[in-house]
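An overview of the molecular structure
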Amino acid sequence: MSWRGVVTVLLLIGAGVSGWALWSQRSGTAPTPTTGSQPDYVLNQFELIALDDQGNEAFSVRAPRLARDPNTRALDIATPMFLIPAGEGSQGGPWEVRSRTGWVSAEGDELRLRGDVVADSTGADGRPVTMTTEQLNVFPDSRRATSEVAVTLTQPGLIINGRDLEASLDTKRIVLQDTQTRYESTAR
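All values derive from a computational prediction rather than experimental measurement.

A word on the pairing of strand β5 (residues 95–98). Every second residue of β5 is oriented toward a common face, the buried set being W95 and V97 and the non-buried set E96 and R98. In terms of strand pairing, strand β4 (residues 81–84) meets β5 through four bridges, oriented antiparallel. Among the inter-strand pairings, M81 is bridged to a residue of β5, identified as R98. As paired elements, β5 and strand β7 (residues 111–122) share three bridges and run antiparallel to each other. Residue pairing across strands places R98 opposite V118, the latter belonging to β7.

One non-glycine residue, D116, lies in positive phi territory at about 50 degrees. With respect to the secondary-structure elements, D116 resides in strand β7. For R143, which is not glycine, the phi dihedral falls at a positive 55 degrees. With respect to the helices and strands, the residue R143 is situated in the loop between β8 (128–139) and β9 (144–147).

Turning next to a nonpolar patch on the surface. A cluster of nonpolar residues, V6, V9, L10, I13 and V17, forms a patch on the protein surface that exposes about 430 Å² of accessible area. Structurally, V9 is set in helix α1 (residues 3–25).

Conventions we followed
Residues numbered from 1 in each chain as written. Predicted model: local features only at pLDDT ≥ 70, side-chain atom pairs only at ≥ 80, totals over all residues. Heavy atoms only, no water. Buried < 20%, exposed > 50% of the residue type's maximum accessible area, 1.4 Å probe, protein only. Helix = DSSP H or I, 4+ residues; strand = E, 2+ residues; numbered from the N terminus. Pairing = 2+ DSSP bridges. Patch = residues over 30% accessible without salt bridge, like charges linked within 9 Å, V, L, I, M, F, W, Y side chains within 5 Å. Areas by Shrake-Rupley, 256 points an atom, 1.4 Å probe, with all protein chains shown as cover. Salt bridge = Lys/Arg side-chain N within 4 Å of Asp/Glu carboxyl O.

Here you go:
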């Protein structure tokens, strides 16, 4: 056998070993695209103030972590604390709303709060008002909030349980369906 034959055999053996090594190292599943899974930016320990179209404060939020989805431009927030200021001519104080997770639409016109949601404010008479639920959708531009799940409304001496919340954040007018009301002197 000539030297060319020996080199050819060695190259074929090397190609076979390389092919076998690549074949044995490959994964059994095809890689899946990661669209939307990687945020384009992340904020840690932040405070954000969102303005409406007229340049007035629509809401502010403080939280330990915010991530923005580059495709939808929506914000995912961990354990947020939203402050929704009282509107002009509003009855009562601002709303302070806390939850386990928060989502803000790209336009900032919808907030979705999920898990252990607690919203606190004061009424026109200065008495505290507290709403608790597992889901709350807030629309800062129209100054309203909705929830399709069970909601508990607490005021001094009064506890109201219901569902299908429709609330005006400025007037503190709250409508619930299927309600049960208890008068308790210990209600906060």
